[in-house]
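A look at the structure
Chain by chain, the residues run as shown.
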Amino acid sequence: MTAQRLADLRQMSEVSIAEPRQIAWARVTAAAPPADLTEADSERISMDLVSEHLHEQGFAIADVHTEIRGYDLHASRGGEQRLVEVKGVWHTASSQGVSLTANEILIATQHGGDYWLYVVDQCNDGKGRLYGSYADPVRIFGDLSAEHVIVHVPGSALKAARDTEEHATCA
C-alpha cells in the first residue's frame, strides 16, 4: 500500500511543460462613475485649505489620500495625531452634505477620536471655506448611516447568481 502511494505521489509530481493556452478571460471595468471636474477641483482645493489650516496649528502633515487608508491626511503634533478625511463641496455644505465610503466609516470606527472629518465648502471660488471639523464623526453622525445601503447589488448580478445556484443544486 505504501509503495503504491509513493508511486502515485511521484507520478503526480511529474511536470510537463507545454505551450500556454487561454482557458478564461476577464473584462475589467471601472467601479465608479468618472469624477466630474468640479469634484476633482473640490478635492484639490479642500485638501490644500485643510493642510494649510492644520500646518498653522503646528501639525506636521502627510498627504496619504492615494494610499487607500480611509483618510486623506495624517497630521501629527507631538504625541497627538489626527487621521483627517477631507470632503470638499463645490457650493454649500449645508445643502449638499457629504458622503463617506464604507472604508472611511470602518477606519473612523476603529480610530474614534483620532479620526477627524473636515468639510470645506464654496470650492467654486477656487479657495474654499472651512465649513466645520468633526472629531469622531461616527459618534456624531453614526445614527444617520443606519438607514443607508452600503452595497448596491444590480439586478443582473442577482439573476446571474440565482441561475448559477439553481444550476448547481440541480446537478
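See above for the structure.
What you see is a predicted model, and the numbers here were worked out from it, not measured in a lab.

1. Focus on the sheet that holds strand S4 (residues 115–121)
Spatially, the five strands line up as an open sheet ordered S1-S2-S3-S4-S5, and their pairing is mixed. Strands with a single pairing partner mark the edges of an open sheet, and in this sheet they are strand S1 (60–63) and strand S5 (129–135). Taking the axes of each pair of neighbouring strands and ignoring which way they run, one obtains an average angle of 25° across the sheet. Taken together, the four bridges between S1 and strand S2 (residues 73–77) define a ladder with antiparallel strand orientation. For Ala62, the partnering residue across the bridge sits in S2 and is His74.

2. Some thoughts on the pattern of salt bridges
Considering all chains together, one arrives at seven salt bridges under this definition. Linked through salt bridges whose partners overlap, the residues forming this network are Arg77, Glu80 and Arg82.

3. Considering the packing of aromatic side chains
Centre-to-centre distance and the angle between the planes together describe a pair of aromatic rings. Counted under the stated rule, the structure contains two aromatic pairs. Judged by centre distance (5.3 Å) and plane angle (70°), the ring pair of Tyr134 and Phe141 falls under edge-to-face. Relative accessible area serves as the criterion here: at 31%, Phe141 is assigned to the partly exposed category. Looking at Arg82, its charged tip hangs above the ring of Trp116, at a distance of 3.8 Å from the centre.

4. As for the pairing of S4
Among the seven residues in S4, seven count as buried, and that is most of the element. Of the two faces of S4, the one holding Tyr115, Leu117, Val119 and Asp121 and the one holding Trp116, Tyr118 and Val120 are both buried throughout. Pairing analysis gives six bridges linking S4 to S5, with the strands arranged antiparallel. In the sheet register, Asp121 faces S5, and the bridge partner there is Arg129.

5. Points about the pairing of S2
Across five bridges, the pairing between S2 and strand S3 (residues 80–88) is antiparallel. From the neighbouring strand, Leu73 faces S3, where its bridge partner is Val84. The turn joining S2 and S3, which pair antiparallel and follow one another in sequence, is formed by two residues; a positive phi near 60° is taken by Gly78.

6. What to know about helix H4 (residues 102–111)
Buried within H4 are the following residues: Glu104, Ile107 and Ala108. End-on view of H4: buried residues confined to an arc of 100°, all on one side of the axis. Phi for Gly112, located one or two positions after H4, is positive at around 50°.

7. Some remarks on the nonpolar core
Val50, Leu54, Leu73, Val84, Val86 and Tyr118 are the most contacted members of the largest nonpolar core, which totals 13 residues. Elements represented by at least two residues in this core include exactly helix H2 (37–56), S2, S3 and S4. Here this core gets four residues from one element, more than from any other, and that element is H2. In this view, Val84 contacts Val50, Leu54, Tyr71, Asp72, Leu73, Trp116 and Tyr118; residues no more than four positions away in its chain are not counted. Ranked by size, the runner-up nonpolar core spans six residues in total, among them Val64, Ile107, Ala108 and Tyr115.

8. Focus on the side chain of Asp72
Here Asp72 is to be found in the loop between S1 and S2. Buried and without a salt bridge, Asp72 has Lys87 as its closest oppositely charged side chain, separated by 6.2 Å. Here Val86 takes part through its backbone nitrogen, which lies 2.9 Å from a polar atom of the side chain of Asp72. Setting aside residues no more than four positions away along its own chain, Asp72 makes contact with Met47, Ala62, Asp63, Val64, His65, Val84, Glu85 and Val86.

Conventions we followed
Residues numbered from 1 in each chain as written. Predicted model: local features only at pLDDT ≥ 70, side-chain atom pairs only at ≥ 80, totals over all residues. Heavy atoms only, no water. Pairing = 2+ DSSP bridges. Helix = DSSP H or I, 4+ residues; strand = E, 2+ residues; numbered from the N terminus. Axes fitted to C-alpha atoms, helices over the stretch in contact; angles between N-to-C directions. Salt bridge = Lys/Arg side-chain N within 4 Å of Asp/Glu carboxyl O. Phe/Tyr/Trp six-rings, centres within 6.5 Å; stacked < 30°, edge-to-face > 60°. Buried < 20%, exposed > 50% of the residue type's maximum accessible area, 1.4 Å probe, protein only. Lys NZ or Arg CZ within 6 Å of the ring centre and 35° of its normal. Arc of directions from axis to C-beta. Core = buried A, V, L, I, M, F, W, Y, C linked by side-chain atoms within 4.5 Å. Contact = heavy atoms within 4.5 Å. Lys, Arg positive; Asp, Glu negative; His and termini not counted. Polar contact = N/O pair within 3.5 Å; in protein donor to acceptor, adjacent residues only side chain to side chain.

Keep in mind that these numbers describe shape and distance, not what the molecule does.
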